[in-house]
Each structure stands twice: as structure tokens, then as C-alpha cells.
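Per-entry structural report
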Amino acid sequence: MSAYFNISFLKKLPISTKLSISYLLIGIVTLLTVSSILYYIFKKTIIEKTTNQLVAVNVIKKKSIEDFLLGVVRDIRDDEFELNNFPVQIIGGLHILDQNYSINSNDSLYNSSMLSVYEDIVFMDSLGNIIKHAHSNKSKYLADTAIKDLFHKFKENHAATGNELFFSDITNQYGVKHPQLLCVFKLKRASVWGIYFINHAYINDIIEIRSGMGATGESYLVGNDLYMRSESRFYEDTLPSKIKVNTAATQHAFSGKTLAEGSIINDYRDIPVISVQSKIDIPGMDWALISEIDVSEAMASVNVIRNYMIGIAVLVSLVLMVVTLILVKQIVDPINNLTRLIDTISLGKFNQSFQKQNFSGDEIGRFEDAILNLQQHIAVTASFADEIGKGNLSADYRAVSADDTLGNALLKMRVDLIESKIKEKLLTKQKTSALIEGQEKERERLARELHDGLGQMLTAIRLRIGMLKEDQQNKKDIQHIIDDTITELRRISNNVMPAVLIDFGLAAGLKTLVEYSIKLYHIPIVLTYDSYAFEKKPKNVFDINVSLYRIAQEAINNAIKYSNTSEIRISLIEKADSIEMEISDNGVGFDLKNKVEGKGIGNMGERARLIDGNFTIKSDKNGTTVSITVPLYF
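Attention shifts here to the overall build of the chain. The helix and strand inventory of the chain stands at 14 helices and 14 strands. Burial status across the chain gives 41% buried among its 634 residues. Considering only contacts in the chain between residues 6 or more positions apart, those separated by 24 or more positions represent 61%. When the accessible area of the chain is evaluated, it comes to approximately 36000 Å², of which 56% is carbon and sulfur surface.

Below you can see the structure in the form of C-alpha cells.
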């Protein structure tokens, strides 16, 4: 009876009311669905953006801490060099003992104060006796008995690992309350140990930078004992070494497991945060760097959007109720269709097919056309962005208009990426070219010094001995020794930088190299050289000559050492616009797929790239062939 009454009641309602109620329900459900999806997308986007920001901060701070510690290692290595080459008595004169010495003084991440990098530096002999405190005018940072106890542990570490230099964290040990990091080294040539007490203020300076971290974001260091190694933003009056951080972030960091970036966890205050973490990549260091921000702060803008969406949903629902009473027949199908399209777009599916249903020229029809155009434009833009993400910088794309902010931004980004890659390639080439050119110039200078200086002095000595009226046999023996010395000097000078290569060019240099190699290794080497009558020499002829000479020298050495060859052939052909060189042997060859590329092959390839040459290697059981083609620029 009740069911009959309900059906009868519905039958008595006007059709417009029925359609209005049904369409209103559909509209409300649609709006809620779209709003929920958009809210989820906004929430996910905010979390991803916040995570990326935290990752960037974490990476920068991690790099700065590692650079600081590596700077400590470099400076300690400098002291080690001085102590290994000079008496132990110079300890007081080491530059690192300067009270005003500051590492990374140009690092913009923190204030480069004039604090001493080291709170104390202690040198000890092999028995643990203290030779010197660096800061003798200050109270000792750690008691000598504690230092001696540390010394025995360091000796055990050295005996177990063989490390000559390592870091040690003594926080919460020997009465040390503040975070304390030591860098320890043992001299290789002297029985001297150095213990450097690193001033933790430098590390705190790096960690305390909070740019881009908002009101609740912070980065902090945690040791493997789960206690902090840097000051807390929220517990400023508590020593870091007394704050325990037993959270999912530290558990994953020290267990070797991976916690997904942007994971929401409870921090050491038991407050939900977005967290990222990384380990400090310094041997001997077991610290984790945690970067976090409160979820409430990160999600504030999303909550505002949610409230707006709720208000908009209510308003639209009221409008729908009025509109459906008038035009429900004309608009119900297009609106439903457009709803499905918006749902599809909100899920990121931009290339789904869509059929137009309202073919009239009213506002609904034009609105449908606009949505279709928007879908098509978004699909094209998304496809272009995907190609850019894959590295296809030649993908075809045109902005919809001059006001197409997204499209023009993507085009500008592509131009910037192309320019950046070109500049990066050019800069790398210039740096490497300058380094090798400097090496070759230094070799040339050293060869000239050996030949013009020491060589002439030995020749003069030989002539003066010939004038002495002593025992002839002794004179002959001495002259023979000096002759051998002069010959060896010439050989060294020629290997460093052959004078014939500079004075007479590549052909003469290769001829001298071949003659010398035949004499040294007793293996036949055949050189063929086809010259070209250039009207003017290329501007980069010196770089080409030196690079081809060094490649030939390296190829001959590799063939002699590894190929078991009985003959080597070198072919050099000059053309109007290029030079081609080929070095081949009839040795056993090697597997190109499974080869381990050493410095020799790498150096040949690098030299070829510096002169824009095309470098290839072919090898099989019948031998190996190295080929290079160099374009000429006049």
C-alpha cells in the first residue's frame, strides 16, 4: 500500500518537476564527483610540490654539509703532506692551526663567520702521548685521559679498516653534551696521529637556513643513535643530543629501506608532517638529513579551495533547479555529455573521443564547442609537454595565441633547454680543451728546459772532461756515462714534447715516433703519409697535430702491450677539408661489447672530441683498427 502511494504521488507531479528533481540530483552528484576529484588532484599536487621543495632543500643542504666535510678532508690532507715531507717539529706552523681559518668562506648557504673551523686539534705519537694541542691558549676541549681512550679506539679502527683518515662522532660520549664530530688521520710516513675537533657551528649554520620552509618547515641531522645532531626549530632551549627522533623517517634512513618521497608521517613532536630524508655520503659518517613541514601548513591552501568548491557546488545546484524548469529538454543531454568530458579531463585523459550533441547555435551549443576546443588544445599541449619530458626537443608545436601562457611557456622552456644543452656542451669542451692545451704547453716548456738547460750543461761537462790530463781510461768511462745521460735526457725530452712535432709538423713528428718505437720495441711499424698542398694552414693546426700525435702514441703503446701484434700500420691522409688517420695491428684483438675501457682508450676518444674528430675502434681476432677523421676549420 505504501509503495502504491509513493508511485501515485510521483505520477501526480508535473513532468517539469520530475525532470528538475532528477536533473538536480544528477547535477549535485556530478558536482560532488568533480569537486572530489579536483580536491584530490589539488591535494596531490600540493603534496608533490611541497615534496619537491623539501627534496631541493634537502639536496642543497646535504651537498653543502658534504662539501664542508670534504673541505676538512682536503685541508687535513694538506697538513698530512707537510708532516710527511718535513720534520714533526713544524706542527706549530701548519696553516690549519690559524685561529681565523674558515672553510668554504664563499658558500652562500650560511654566514661565513670568522670562527675557527676546529675547536681543538690534538697531535699524538704512536703510543697515545699528546705532542701538541692546537689551542694551547684555551682550556682543553676534552680531557687528555678521554683523548687517550679515543686514541686506542682509533688505532683499532685503523687496524680493522686500514683507513688513514676517517670521521668519528663522539656525541653523548666522554661527557660531551653538544654534537661533536672528529676527523682523525694517521701519517703514512710518520708515527703521528691528528685528531681534529670540528666546530659544529658551521654545520648548524647550514642547517638553520630556512628559506622556502614556511612557518613550520625545518631540516635537522640525526645520528645512528636516533638523537639529533643539529638544533631543533621547536625545542631551541633543549640540547640537540638530548632530543630523540625515533620516527619512520629515521628508521628507514638507517635501515637502508626507502620511504616514499612526500610520505606523511608523525615527526619527533608526534605531529603529522611531509617528510623527505637522505644519508650523508661521507665514508665513516652515519648521519641522516631530515627535511619536513607540517601537513596543516602545506594543506592550508587546499582546504580553502575545498570550502570554495563546497560554496560553488551549492550555488550551482540552486541555479540548476531554476534552469531545468525552463530548458531541461534542450540541455539535459549536452550537460551530461559535458560532465563526462570534464570528468575525463580531470583524470588527465585528454585524448578521449567526444561527440558533440547540441547542434544548435545557442549558448549551450557554443559552450559545448568551447569545451571541445579546450580539450583539443589541452591534449595537444599535454602531448608536447610529454615529448619535452622524454627529451624530444624537436617536437612540433604551436601556441594557440599570443596569450597562450602555457603553450608559450613550454616553447620558451624548449628553447632554454636547447640553449642550455648547447652551452653545456661548449663549456665542457672549452674546459677540457684548455686543460689539455695547458698540459701540452707545460710539456713543451719542460722539454725546452731539459734540452736547453740541463742538456747544454751536460755537454759542457763532457767537453771540459775531455780537456783534463788524467788517466785516459777514466776519462773515457766518465764521458761514456755522460753520453748515456745525454741520450736518456733527449729521450725523456722527446717523450714529453717532441721538438720535431713543433718545428716541422705532424709528418716529421710521426716519423720520429715510428723510428723510436721500432728501435725500442723491435716491431715493424709502417707509416704512410699523403699530404695536401693547403693554401693556408687551419687555425687549429697545433691542436690537431698534438692530438693526432698523442692518439698515435697511445695506439702504438696499446698494440705493443695487449695485442701480441707482429706489425703495426699507420696511415695519414690530408684532404682539402679534413685529415684522416688510421692505426691498425694484426694482433689478437678484444671484445668491444665486453671490453673494460681504460684511460688509454678514453684519452684517445677525448682528444678526438676536442678537435671535433669522429673516433671509432674496430677489433676482432684478426686485429684492431683505430680510425679518426678530423674536419678542418680555416
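Another aspect to go through is the pattern of salt bridges. Overall, the coordinates contain eleven salt bridges when judged by the stated rule. Salt-bridge contacts for Arg229 lead to Asp225; the nearest nitrogen and oxygen are separated by 3.1 Å. The partner of Asp267 in a salt bridge is Arg269, and the shortest N-O contact between them spans 2.8 Å. Several salt bridges share partner residues, and in doing so they unite Lys62, Glu66 and Asp281 into one network.

Here we come to the packing of aromatic side chains. Enumeration over the complete set of coordinates arrives at eight aromatic pairs. Centre to centre, the rings of Phe68 and Tyr202 are 5.5 Å apart; their planes meet at 15°, and the pair counts as stacked. Here Phe68 is found in helix H2 (residues 15-85), whereas its partner Tyr202 is found in helix H4 (residues 201-207), with 134 residues between them in sequence. Tyr202 carries the same exposure label as Phe68, and that label is buried. Seen in terms of ring centroids, Phe151 and Trp193 are 5.6 Å apart; in terms of plane orientation they differ by 85°. Their pairing is edge-to-face. A residue pair is termed long-range when its members are at least 10 positions apart, and Phe151 in helix H3 (residues 144-161) and Trp193 in strand S5 (residues 192-198) qualify at 42 residues. As far as burial versus exposure is concerned, Phe151 and Trp193 are alike and both buried.

The grouping of Glu208, Glu231, Glu236 and Asp237 at the surface amounts to a negative patch. Position of Glu231 relative to the elements: it lies in the loop between strand S6 (218-223) and helix H5 (248-255).

What follows is about the sheet that holds strand S13 (residues 614-620). One open sheet accounts for five strands, arranged S10-S11-S12-S14-S13; its pairing is mixed. Unpaired on one side and paired on the other, strand S10 (525-530) and S13 mark the two borders of the sheet. When strand polarity is set aside, the average angle formed by the axes of neighbouring strands in this sheet is 10°. The strands touched by helix H12 (residues 506-521) are S10 and strand S11 (568-574); relative to S10, the strand with the most contacts, the crossing angle is about 170°.

Evaluated as defined, the whole model comprises one cavity of 30 Å³ or more. Its volume calculated, the largest cavity comes out at about 30 Å³. If you go around the largest cavity, the residues you meet are Ile207, Glu208, Arg210, Glu218, Ser219, Glu231 and Arg233. Its residues assigned to classes, the lining of the largest cavity comprises one nonpolar, one polar and five charged.

A separate point is the confidence of the model for the chain. Taken residue by residue, the chain gives an average pLDDT of 76. The fraction at 70 or more is 70%. Mean pLDDT per element in the chain: helix H1 (residues 2-12) is the minimum at 54, and strand S12 (residues 578-585) is the maximum at 93. Low pLDDT, under 50, characterises residues 1-5; the predicted model gives this stretch zero contacts beyond four residues in sequence or across chains. Below pLDDT 50 for its whole length, residues 95-114 participates in 55 contacts with residues either more than four positions away or in separate chains.

Let us look at the nonpolar core. By size, the foremost hydrophobic cluster in this structure holds 31 residues, and its most contacted members are Leu506, Leu510, Ile544, Leu548, Leu572, Met581 and Ile628. Of all the elements in the fold, those that place two or more residues in this core are H12, helix H13 (541-562), S11, S12, helix H14 (599-610) and strand S14 (623-631). Looking at this core element by element, the count peaks at nine residues for H13. Aside from chain neighbours lying at most four places away, what touches Ile628 is Leu548, Ile551, Ile579, Glu580, Met581, Ala608, Ile611 and Asn614.

Now for the side chain of Ser563. Assignment of secondary structure puts Ser563 in the loop between H13 and S11. Overall, Ser563 belongs to the buried group, its relative accessible area being 5%. From its side chain, Ser563 meets the backbone oxygen of Ala559 in a polar contact 2.5 Å long. Contact partners of Ser563, with chain neighbours within four places excluded, come to Asn558, Asp585, Gly587 and Val588.

With that settled, the discussion passes to the pairing of strand S7 (residues 263-266). Of the two faces of S7, only one is covered, namely that formed by Ser263 and Ile265; the face formed by Ile264 and Asn266 stays uncovered. As defined by bridge partners, S7 adjoins strand S8 (residues 272-279) across four bridges and the pair is classed as antiparallel. Within the sheet, the bridge partner assigned to Asn266 lies in S8 and is Pro272. Between S7 and S8, which follow one another and run antiparallel, lie five residues, and Asp270 among them has a positive phi close to 65°.

For the rest of this paragraph, the subject is the environment of Ile265. Residue placement: Ile265 occurs in strand S7. For the pair Ile265 and Ala249, spaced 16 residues apart in the sequence, the C-alpha separation amounts to 7.8 Å. If we skip the residues at most four places from it in the chain, Ile265 touches Ala248, Ala249, Leu259, Ile271, Pro272, Val273, Ser275 and Glu292.

Turning our eyes to something else, we now look at the packing of H12 against H13. Angle between the axes and distance between the axes are the two parameters that describe a pair of packed helices. In the contact formed by H12 and H13, the axes pass within 10 Å of each other and the chain directions differ by 20°. As the angle between them shows, H12 and H13 are arranged roughly parallel. For the pair H12 and H13, the sense of crossing is right-handed. In contact with Leu506, Gly509, Leu510, Leu513, Ser517 and Tyr521 of H12, H13 contributes Asn545, Leu548, Tyr549, Ala552, Gln553, Ile556, Asn557 and Ile560. Its residues assigned to classes, the contact of H12 with H13 comprises nine nonpolar, five polar and no charged.

Basis of the calculations
Residues numbered from 1 in each chain as written. Predicted model: local features only at pLDDT ≥ 70, side-chain atom pairs only at ≥ 80, totals over all residues. Heavy atoms only, no water. Helix = DSSP H or I, 4+ residues; strand = E, 2+ residues; numbered from the N terminus. Buried < 20%, exposed > 50% of the residue type's maximum accessible area, 1.4 Å probe, protein only. Contact = heavy atoms within 4.5 Å. Areas by Shrake-Rupley, 256 points an atom, 1.4 Å probe, with all protein chains shown as cover. Salt bridge = Lys/Arg side-chain N within 4 Å of Asp/Glu carboxyl O. Phe/Tyr/Trp six-rings, centres within 6.5 Å; stacked < 30°, edge-to-face > 60°. Patch = residues over 30% accessible without salt bridge, like charges linked within 9 Å, V, L, I, M, F, W, Y side chains within 5 Å. Lys, Arg positive; Asp, Glu negative; His and termini not counted. Charge placed at Lys NZ, Arg CZ, Asp CG, Glu CD. Pairing = 2+ DSSP bridges. Axes fitted to C-alpha atoms, helices over the stretch in contact; angles between N-to-C directions. 1 Å grid on protein atoms, 1.4 Å probe; cavity = no way out; pocket = protein on both sides within 12 Å on 5 of 7 lines; lining within 4 Å. Points joined across faces, edges and corners; volume = space filled by probe spheres on them. Nonpolar A, V, L, I, M, F, W, Y, C, P; charged D, E, K, R; others polar. pLDDT = per-residue confidence, 0-100. Core = buried A, V, L, I, M, F, W, Y, C linked by side-chain atoms within 4.5 Å. Polar contact = N/O pair within 3.5 Å; in protein donor to acceptor, adjacent residues only side chain to side chain. Parallel < 35°, antiparallel > 145°, perpendicular 65-115°, else oblique. Left-handed = near helix turned anticlockwise from the far one by under 90°.

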